[in-house]
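So the chains spell out like this:
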Amino acid sequence: MAEPRFRPLAAPPPPAPAELLARAEAFRDQVATRRTVRQFSPQPVDRAVITACLAAAASAPSGANLQPWQFVAVGDPALKRRIRQAAEEEERAFYAERAPAEWLAALAPLGTDADKPFLEAAPWLIAIFVQPWGRLPDGRRVKHYYATESVGIATGILITALHQAGLATLTHTPSPMGFLNQLLDRPAHERAFLLLVVGHPAADAQVPDIRRKPLDEVCSWLPAESDGVD
Ligand SMILES: Cc1cc2nc3c(=O)[nH]c(=O)nc-3n(C[C@H](O)[C@H](O)[C@H](O)COP(=O)(O)O)c2cc1C
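Residues numbered from 1 in each chain as written. Predicted model: local features only at pLDDT ≥ 70, side-chain atom pairs only at ≥ 80, totals over all residues.

(A) Inspection of the overall build of the protein at higher detail. Helix and strand content of the protein: eight helices and six strands. When the helices and strands of the protein are placed in sequence order, the string is α-α-β-α-α-α-β-β-β-α-β-α-β-α. Across its three principal axes, the protein shows a C-alpha extent of roughly 55 × 50 × 40 Å. By residue count, 24% of the 230 residues in the protein fall in the buried class. (Helix = DSSP H or I, 4+ residues; strand = E, 2+ residues; numbered from the N terminus. Buried ≥ 20, exposed ≤ 12 C-beta atoms within 10 Å, placed from the backbone.)

(B) View of the site of the ligand. Every residue near the ligand is listed here: R35, T36, R38, L110, T112, L170, T171, H172, T173, L194 and V207. For the shell around the ligand, the leading source of residues is strand β5 (residues 168–172), giving three residues. Its residues assigned to classes, the shell around the ligand comprises four nonpolar, five polar and two charged. (Near = placed C-beta within 6 Å. Nonpolar A, V, L, I, M, F, W, Y, C, P; charged D, E, K, R; others polar.)

(C) Expanded view of the pairing of strand β6 (residues 191–199). With eight of its nine residues buried, β6 lies for the most part within the structure. Here strand β2 (residues 124–130) pairs with β6 via seven bridges, running antiparallel. Pairing of I126 across the sheet is with L196, part of β6. Judged from the five bridges that link them, β5 and β6 form a sheet pairing that is antiparallel. The residue bridging L170 from the neighbouring strand is V197, located in β6. (Pairing = 2+ DSSP bridges.)

(D) A look at unusual backbone geometry. With an omega of -5°, the peptide bond running from S175 to P176 counts as cis. Mapped onto the fold, P176 is located in the loop between β5 and α7 (179–183). Across the junction of L222 and P223, the peptide omega takes the value 0°, indicating a cis bond. You will see that A64, though not glycine, has its phi angle at about 55°, which is positive. Inspection of the secondary structure puts A64 in the loop between α2 (47–58) and β1 (69–74). For A64, a count of 12 C-beta atoms within 10 Å translates into the label exposed.

(E) Representation of the environment of L183 within the structure. If you trace the backbone, L183 turns up in helix α7. Expressed as a C-alpha distance, the spacing of L183 and L79, which sit 104 residues apart in the sequence, is 7.8 Å. Ignoring any residue separated from it by four or fewer positions in sequence, one finds L183 in contact with L79, R82, I83 and A86. (Contact = placed C-beta atoms within 7 Å.)

Have a look at this one:
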């Protein structure tokens, strides 16, 4: 069993309350401009930008720090074409046969269908895999705790980092996604989590006119009102 080792937290000094609020509100406003984009420009994006955003994602917290993720960044046009073909095959079966009516009804306001041209148009696809277990340096298997939760958090950071950098993303989940293991040469025990489409939006990109739930519907407070102390 490894002994814990500690070092001082390298944290910047805490901001004054007004600065804290200003930063929180600025971040809120910045992330509120993120939208899922489904029409991409072929304009290239430097690999260094993707690398920096992946490094941000890989800094995410994870259950027992086991970092149960693998990110596969795909810029190769031939491989993107094969991913598109495989995804569209699954999506055609999904929309025509597999999807229950309730799911199709939920998707209706988005106007999505089985055609996925963005999988070839966008300069980068990032496939994200969950590793339910990994290997210790001595080859023994180690279970990954809260693997799905950890990968979800890392993916949220990745989407936010890409948006913050000035890029658009599409969180794509072709159903099912097993073909990604084969095309991207990932071991069978890894589970494709989602496929992130990354690039600049097309000049004429349109997004569905949809709304967020109001904050008071999704947040509750205990106590309900500020007592002036907080
Ligand atoms: C887990 C997850 C899976 C999604 N899968 C798809 C998908 O397969 N295809 C798609 O067009 N959008 C997909 N989306 C995007 C959502 O439709 C989109 O986030 C939602 O409609 C809200 O729109 P916004 O991101 O523009 O605010 C997915 C989003 C999430 C979080």
